[in-house]
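Coordinate analysis (summary)
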Amino acid sequence: MAATPLLVRLRAEIAPADKDKKAVREFDRIDAATPRVIIAGMGRVGQIVARMLNANRIPFTALQADPEQVDFMRHFGNTVYFGDASRLDLLRAAQADKEEIFVIATENPEATLRTARLLKRHFPHVKVFARARNRQHVFKLMDLGIDGIVRETFFSSLEIARGVLETLGYDAATAEDRVHRFRVHDERVLASQYPVYDDDAALLQTAQEARDDLMHLFEADADEDAVEEGDGAR
């Protein structure tokens with residue numbers, strides 16, 4: 001599992017070019033011990049979660065619907081089962097009724113939603129963490145009552161923004177504060193947009209208002225900084 005940051009790129013280089021010619025095969029028989037965590041999807045996101053669990057000796061079961069990816073991961077010594085997590089029979093075979101946490105790290109948003117619906121309907125005790133592609137995907141997961149929703153590019157984008165601010169001359173503390181305030185503001189906007197996410201006009205209006213609010217927020221910060229610098233020069 002330690003080598004998995006390179007696996008996706010490596011697979012792309014050596015995998016057959018014609019992906020439509022996959023051999024048809026049955027799903028694996030899952031014979032693992034009762035897991036504390038089940039991970040559906042062992043791409044970039046699922047691999048990182050799995051590495052963290054491995055490092056902390058937390059048992060988990062990994063499911064992957066792409067047979068080529070399953071074989072590739074096994075080549076590097078990883079235990080991964082070939083199966084579709086959006087099927088109820090497979091979830092039962094993986095002992096979803098006994099687990100504590102289910103991580104949906106699949107890349108296909110529709111597959112994520114199908115799995116989330118099954119989990120909420122048949123295994124309501126399970127805490128679900130789901131990877132979300134974008135804001136609309138977040139809203140649909142919220143409709144299902146999924147509360148552990150993580151936007152796949154949000155936090156990495158904030159880290160890039162923080163680095164850009166520091167490179168432009170902001171000190172580390174100020175850059176970190178701006179990023180934190182942006183995150184809090186965006187999460188608040190996301191919550192306010194949820195009730196109207198299927199109303200394009202209302203959604204556009206809230207987005208415009210949020211943009212203006214954020215600009216005023218940071219303009220006020222800049223004015224305060226200017227006053228403090230002026231006081232310090234006296």
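A brief look at the structure comes next. All values reported here derive from a predicted model rather than from experimental measurement. (Residues numbered from 1 in each chain as written. Predicted model: local features only at pLDDT ≥ 70, side-chain atom pairs only at ≥ 80, totals over all residues. Heavy atoms only, no water.)

1. Quick notes on the side chain of Q64
Here is the rule: Comment: elements are numbered from the N terminus, with helices defined as DSSP H or I runs of at least four residues and strands as E runs of at least two. Any pair of nitrogen or oxygen atoms within 3.5 Å is treated as a polar contact; in protein, a donor-acceptor pairing is required on top of that, and neighbouring residues in sequence qualify only through side-chain atoms on both sides. In this analysis, two residues are considered to be in contact whenever any of their non-hydrogen atoms come within 4.5 Å of each other.
Among the structural elements, Q64 can be located in strand β2 (residues 60-64). Reaching out from Q64, the side chain makes a polar contact with the backbone nitrogen of D66 at a distance of 3.1 Å. With residues up to four places along the chain from it excluded, the contact list for Q64 reads G41, M42, G43, Q69, V70, V80, Y81, F82 and G83.

2. What about helix α5 (residues 109-122)?
Here is the rule we go by: To estimate how far a helix should reach, multiply one less than its number of residues by 1.5 Å. A 1.4 Å probe rolled over the protein chains alone gives each residue an accessible area, and that area as a share of the maximum for its type sets the label: buried under 20%, exposed over 50%, partly exposed in between.
Taking 1.5 Å per residue, 14 residues should reach 20 Å; α5 reaches 20 Å between its end C-alpha atoms and fits that length. For α5, the full list of buried residues reads A111, T112, L113, T115, A116, L118 and L119. Here the buried face of α5 lies against α4 (88-93), β4 (101-104), β5 (127-132) and α6 (135-143). Among the residues of α5, the N-terminal cap falls to N108, whose side-chain oxygen and the backbone nitrogen of E110 are separated by 2.8 Å.

3. Quick word on the packing of helix α7 (residues 154-167) against helix α8 (residues 172-193)
Condition: Working convention: axes come from line fits to C-alpha atoms, limited for helices to the stretch in contact. Angles between N-to-C directions cover 0 to 180 degrees. Two helices crossing with the near one rotated counterclockwise from the far one by less than a right angle form a left-handed crossing, whereas a clockwise rotation gives a right-handed crossing. Gly counts as polar in this scheme, as do all residues outside two lists: the nonpolar Ala, Val, Leu, Ile, Met, Phe, Trp, Tyr, Cys and Pro, and the charged Asp, Glu, Lys and Arg.
As a packed pair, α7 and α8 sit with axes 9 Å apart at the nearest point and diverge in direction by 145°. You can see that α7 and α8 cross each other, and the crossing is right-handed. In this structure, α7 uses F154, F155, L158, R162, L165 and E166 to contact α8, whose residues at the interface are A172, A175, E176, R178, V179, F182, R183 and D186. When grouped by side-chain class, the residues that make up the contact of α7 with α8 number 8 nonpolar, no polar and 6 charged.

4. Observations regarding the packing of aromatic side chains
This is how the line gets drawn: For Phe, Tyr and Trp, where Trp contributes only its six-membered ring, two rings pair if their centres lie within 6.5 Å, and the inter-plane angle classes them as stacked under 30 degrees, edge-to-face over 60, or tilted in between. A ring has a charge above it when a Lys NZ or an Arg CZ is no more than 6 Å from the ring centre and no more than 35 degrees off the ring normal.
If you walk through the whole model with that rule in mind, you get 4 aromatic pairs. Where Y194 meets Y197, the ring centres are 5.9 Å apart and the plane angle is 10°; that geometry is what we call stacked. Residue classification places Y194 among the partly exposed positions, given a relative accessible area of 24%. For Y197, a relative accessible area of 16% corresponds to the buried category. Aromatic ring contacts, followed pair by pair, group F139, Y194 and Y197 into a single cluster. For K127, the ring lying beneath its charged end belongs to F129, and the centroid distance is 5.7 Å. A cation sits over an aromatic face here: R151 above F154, 3.8 Å from the ring centre.

5. Quick look at unusual backbone geometry
Even without a glycine there, the phi angle at R57 is positive, about 55°. Positionally, R57 belongs in the loop between α2 (44-55) and β2. The class for R57 is exposed, based on a relative accessible area of 77%. Of note in the backbone geometry, Q95 takes a positive phi value of approximately 65° without being a glycine. As for its position among the elements, Q95 is in the loop between α4 and β4.

6. What to know about the packing of α6 against α8
Formally: Angles are sorted into four bins: roughly parallel if under 35 degrees, roughly antiparallel if over 145, roughly perpendicular if 65 to 115, and oblique for all others.
Close contact between α6 and α8 brings their axes to 11 Å; oriented N to C, the two are set at 60°. By the angle between their axes, α6 is oblique relative to α8. As for how α6 packs across α8, the hand of that crossing is right-handed. Between α6 and α8, the residues in contact are R135, V138 and F139 and D186, V189, L190 and Q193, respectively. Residues belonging to the contact of α6 with α8 are distributed by class as follows: 4 nonpolar, 1 polar and 2 charged.

7. Side note on the pattern of salt bridges
Our working rule: The term salt bridge refers to a pairing of a side-chain nitrogen on Lys or Arg with a carboxyl oxygen on Asp or Glu at a separation within 4 Å.
Applying the stated criterion across every chain, the model contains 13 salt bridges. Here R131 makes a salt bridge to E152, at a shortest N to O gap of 2.6 Å. Of this pair, R131 sits in strand β5 while E152 sits in the loop between β6 (148-151) and α7, and the two are 21 residues apart along the sequence. Measuring nitrogen to oxygen at the nearest pair gives 2.7 Å for the salt bridge that ties E159 to R162.

8. A short note on a positive patch on the surface
Note the following rule: In this analysis, a patch consists of residues with relative accessible area above 30% that form no salt bridge, clustered at 9 Å for like charges and at 5 Å for the nonpolar side chains Val, Leu, Ile, Met, Phe, Trp and Tyr. All accessibility values rest on the Shrake-Rupley procedure with a 1.4 Å probe; residue burial counts only the protein chains present in the view. Charge convention: Lys and Arg are scored as positive, Asp and Glu as negative, and His as well as the terminal groups of each chain are ignored. For charged residues, the charge sits on one atom: NZ in Lys, CZ in Arg, CG in Asp, CD in Glu.
Among the surface-exposed residues, R114, R117, R121 and K140 lie close enough to one another that they form a single positively charged patch. For the positive patch, the element with the highest residue contribution is α5, accounting for 3 residues. Among the structural elements, K140 can be located in helix α6. Judged by relative accessible area, K140 falls into the partly exposed class, the value being 37%.

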